[in-house]
Amino acid sequence: GADSIDYLQLRDNSNALKFKISGDGILFTSDVLASHEGDTDTKLRFPANDTVTVETAGSERLRITSAGAVGINTTVDAATKLQVQSDGTSTTAAGNIVARFQSNGSGRDATIQLSDNVANSATISMLSSNLIFEQAGTETLRIRSTGAIAFNGTNNYGTSGQILKSNGDGPPTWVNSSTISSV
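The rules behind each value
Residues numbered from 1 in each chain as written. Predicted model: local features only at pLDDT ≥ 70, side-chain atom pairs only at ≥ 80, totals over all residues. Heavy atoms only, no water. Phe/Tyr/Trp six-rings, centres within 6.5 Å; stacked < 30°, edge-to-face > 60°. Lys NZ or Arg CZ within 6 Å of the ring centre and 35° of its normal. Salt bridge = Lys/Arg side-chain N within 4 Å of Asp/Glu carboxyl O. Buried < 20%, exposed > 50% of the residue type's maximum accessible area, 1.4 Å probe, protein only. Pairing = 2+ DSSP bridges. Helix = DSSP H or I, 4+ residues; strand = E, 2+ residues; numbered from the N terminus. Axes fitted to C-alpha atoms, helices over the stretch in contact; angles between N-to-C directions.

Peer 1: Give a detailed account of the packing of aromatic side chains, specifying residues and quantitative values.
Peer 2: A full pass over the atoms with the stated rule returns zero aromatic pairs. Sitting above the plane of the tyrosine 157 ring, arginine 144 keeps its charged end 3.6 Å from the centroid.

In structure tokens:
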């Protein structure tokens, strides 16, 4: 049928196929699908079966593997689905921002959800500069931008001079140091 006919084939001097357009309009290439005219170090490539890469400035920046794993600025470890790497060399907190998750406007939260895709989930959110951790839909920890901490959704940050008392498997509570017996 018409779909098996190649409408266009480009070959090099050794007659090796470099590019073709099939009868159904599919583009075929041995490796590089696209490179911008005058910008030869930016490419969309197919370096292996079922693998796609994007290069800029002559370096691979994005890779999607046959397993659906995505690597940004790195090759993909077989054990991960998304791997992002920074070229930063800072040794200070927040010196090498690898990823940014951002909501669209002031006062809105930005949340990362971790889930087993069945029944369990946990979230890490930022709301008005507070860092909030939830498990199974219940807030378990809140850290204010001042460093004050509250547990179990109570918004009880304690008062000056109070200390945290462990409650075993339950959430800790703020207590006055005078109520704690010495060991």
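Peer 1: How would you summarise the pattern of salt bridges if you had to cite specific residues and measurements?
Peer 2: Taken as a whole and judged by the stated rule, the model has four salt bridges. When the shortest N-O distance is used, the salt bridge between lysine 18 and aspartate 12 registers 3.9 Å. A relative accessible area of 40% places lysine 18 in the partly exposed class. Judged by its relative accessible area of 30%, aspartate 12 falls in the partly exposed class. Two residues, arginine 63 and glutamate 60, come together in a salt bridge whose shortest N-O distance is 2.7 Å.

Peer 1: Break down the sheet that holds strand E10 (residues 110-115) for me, citing the residues and quoting the values.
Peer 2: With antiparallel pairing, the five strands of this open sheet are ordered in space as E10-E11-E12-E13-E14. For this open sheet the edge positions go to E10 and strand E14 (149-151), each flanked by a neighbour on one side alone. On average, each strand axis in the sheet is tilted by 15° relative to the strand beside it, whichever way the strands run. Sheet topology note: the E10/strand E11 (residues 121-127) ladder contains six bridges and is antiparallel. Each bridged residue has a counterpart across the sheet, and for threonine 111 the counterpart in E11 is serine 125.

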